[in-house]
Every structure is written in structure tokens, then in C-alpha cells.
Amino acid sequence: IRVREDFPKLIELYRDPFGVVVGSGDGRFSEHLLSVTGENLTLFSVNRWSENIEEHKLAKARLARFGDRSRLVDSSGSDAAGLFQDGFFDFVYLDGAQSYDDVKGGIAAWWPKAKDGAIFAGHDYAAKRRHDDVARAVGEHVRANRQELFLTHEEGASEAEKVRSFYLFKNMVP
């Protein structure tokens, strides 16, 4: 896929998929995923909204029209991971945290929650500049688990500030 807005093309390859966006903020990306995929996606949006009531109101309003297909989880990412059994998700998208320790912890918490063959992805991958920690944590995980890494490109950003999403298909190596 070329940009992160194309993730629905991958999600639609799964039958009745369950997905999660960790660090969903105001719900804009969750809304995009639910709007563009077919009626079969059930998406959990995880964010610590208790620390930002206005953002929670926006996410709630934005995602209300999707009914039971959209589930909001007010929790930290690592705490929310404990709510789900291993191998539950077809799509995991990590966003928000950008420090090395947070990204590494997020990967450790959510990797087991993805099924084999699931899309495991995240945002803020920019090896050239401000989010070097994301690229480092993801790179270490990819090498340690012998995964194949794919990157998107974000439109409209200068080369120095280009922020990408990363994705891989869990345990589906060539």
C-alpha cells in the first residue's frame, strides 16, 4: 500500500476482521478505517481519554454512527492489551507513543494479540528525523522475529519530515 489511508485495502482481505487502533486520539483514523472497509470490520479504539476529555468527546461523536462495529476502550495501551486473548486481532495499529521504550513496550504487549497472518502496523516511522526511536524499536523487533517490513509514505511532507506507517504480516515470511 502506498499511504496509511490504504490500510482498508489490506483489512478487507480478512473475513469478519477484528482490529485495534492503539493511541486513537480523536478517532479520525478509526473513523476512516470503519468508513472505507465493508460492514464486517469490528474495531476497538484504545486511548487514555481520561487525560483528555475533549478528545474523548470528539472520538465518541465521530465513531457513534458505527454502532457495535466501533468499541472505545479508555485505557493505556499496555493495560488494554490485557483485556484481549492472544491471537484475537486480524489488524493491530500502534499510534501515539513515540519513545523507544514506549514503542518497544507497545510491540511487546500487542504482538501476541495479533493472529498469525495478521497485519501488525503502526505510525510515526521516520528513520531520518524526529521519530528515530520508532524505527529503532520496530527494526529490532523485525530482525529478532525474522519478519518482512513494509513502509508507506505520507503525502505532502518534506523528505526530512516524512512520517511513514510500518506494517508486516505476522509470521508470514518469504
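Residues numbered from 1 in each chain as written. Predicted model: local features only at pLDDT ≥ 70, side-chain atom pairs only at ≥ 80, totals over all residues. Heavy atoms only, no water.

**Student:** Any chance you could explain helix α5 (residues 100-110) here in plain terms?
**Tutor:** What sets the pattern is the α-helix's 3.6 residues per turn: residues three or four places apart point alike. All buried positions along α5 are accounted for by Tyr100, Val103, Gly106, Ile107, Ala109 and Trp110. In this structure, the buried side of α5 is in contact with β1 (18-22), α4 (77-81), β4 (89-94), β5 (114-125) and α6 (132-144). (Buried < 20%, exposed > 50% of the residue type's maximum accessible area, 1.4 Å probe, protein only. Helix = DSSP H or I, 4+ residues; strand = E, 2+ residues; numbered from the N terminus. Contact = heavy atoms within 4.5 Å.)

**Student:** Just to check I follow, could you spell out the packing of α5 against α6 for this structure?
**Tutor:** When two helices pack together, their arrangement is given by the angle between the helix axes and by the axis-to-axis distance. In the contact formed by α5 and α6, the axes pass within 8 Å of each other and the chain directions differ by 35 degrees. Judged by the sense of rotation from one axis to the other, the crossing of α5 with α6 is right-handed. Residue-level contacts link Tyr100, Val103, Lys104 and Ile107 of α5 to Asp133, Val134, Arg136, Ala137, Val138, Glu140 and His141 of α6. Residues belonging to the contact of α5 with α6 are distributed by class as follows: six nonpolar, one polar and four charged. (Axes fitted to C-alpha atoms, helices over the stretch in contact; angles between N-to-C directions. Left-handed = near helix turned anticlockwise from the far one by under 90°. Nonpolar A, V, L, I, M, F, W, Y, C, P; charged D, E, K, R; others polar.)

**Student:** Looking at this model, I keep getting lost on the pairing of β4. Mind explaining?
**Tutor:** It is a general feature of regular strands that their side chains alternate between the two faces of the sheet. The buried fraction of β4 is high, at six of six residues. The pairing of β1 with β4 spans four bridges and is classified as parallel. Pairing of valine 21 across the sheet is with tyrosine 93, part of β4. Examined bridge by bridge, β4 and β5 share five bridges and lie parallel to one another. Each residue of the ladder has a partner; that of phenylalanine 89, found in β5, is alanine 114. This β-α-β element, β4 to α5 to β5, shows right-handed connectivity. (Pairing = 2+ DSSP bridges. Right-handed = clockwise from strand over helix to strand, strands pointing away.)

**Student:** So what exactly am I meant to see when it comes to the sheet that holds strand β2 (residues 42-47) here?
**Tutor:** By way of backbone hydrogen bonds, the strands of a sheet pair with one another, either parallel or antiparallel. Across the sheet, seven strands lie side by side as β3-β2-β1-β4-β5-β7-β6; this open sheet has mixed pairing. Lying at the two open borders of the sheet, with one neighbouring strand each, are β3 (70-74) and β6 (150-151). Along the sheet face, helix α2 (residues 28-36) touches β1, β2, β3 and β4 and points at about 180 degrees away from the line of β2. Relative to the sheet, α5 contacts β1, β4 and β5, its axis offset from that of β4 by approximately 170 degrees.

**Student:** Looking at this structure, I do not really get the packing of aromatic side chains. What am I missing?
**Tutor:** Tallied over the full model, the rule gives 19 aromatic pairs. With centroids separated by 4.9 Å and ring planes inclined at 65 degrees, the aromatic side chains of phenylalanine 84 and phenylalanine 89 adopt a geometry described as edge-to-face. Ring geometry for phenylalanine 89 against tryptophan 110: centres 6.0 Å apart, planes inclined by 55 degrees, an arrangement best described as tilted. On the criterion of sequence distance, the pair formed by phenylalanine 89 in strand β4 and tryptophan 110 in helix α5 is long-range, its members being 21 residues apart. Considered together, phenylalanine 89 and tryptophan 110 belong to a single accessibility category, that of buried residues. Members of the aromatic cluster, joined through ring pairs, are Phe7, Phe29, Phe91, Tyr93, Phe150, Tyr167 and Phe169. The ring of phenylalanine 29 is capped by arginine 4, whose NZ or CZ atom sits 4.2 Å from the centre of that ring. Arginine 136 extends its terminal NZ or CZ atom over the ring of tyrosine 100, reaching a point 3.6 Å from the ring centre. (Phe/Tyr/Trp six-rings, centres within 6.5 Å; stacked < 30°, edge-to-face > 60°. Lys NZ or Arg CZ within 6 Å of the ring centre and 35° of its normal.)

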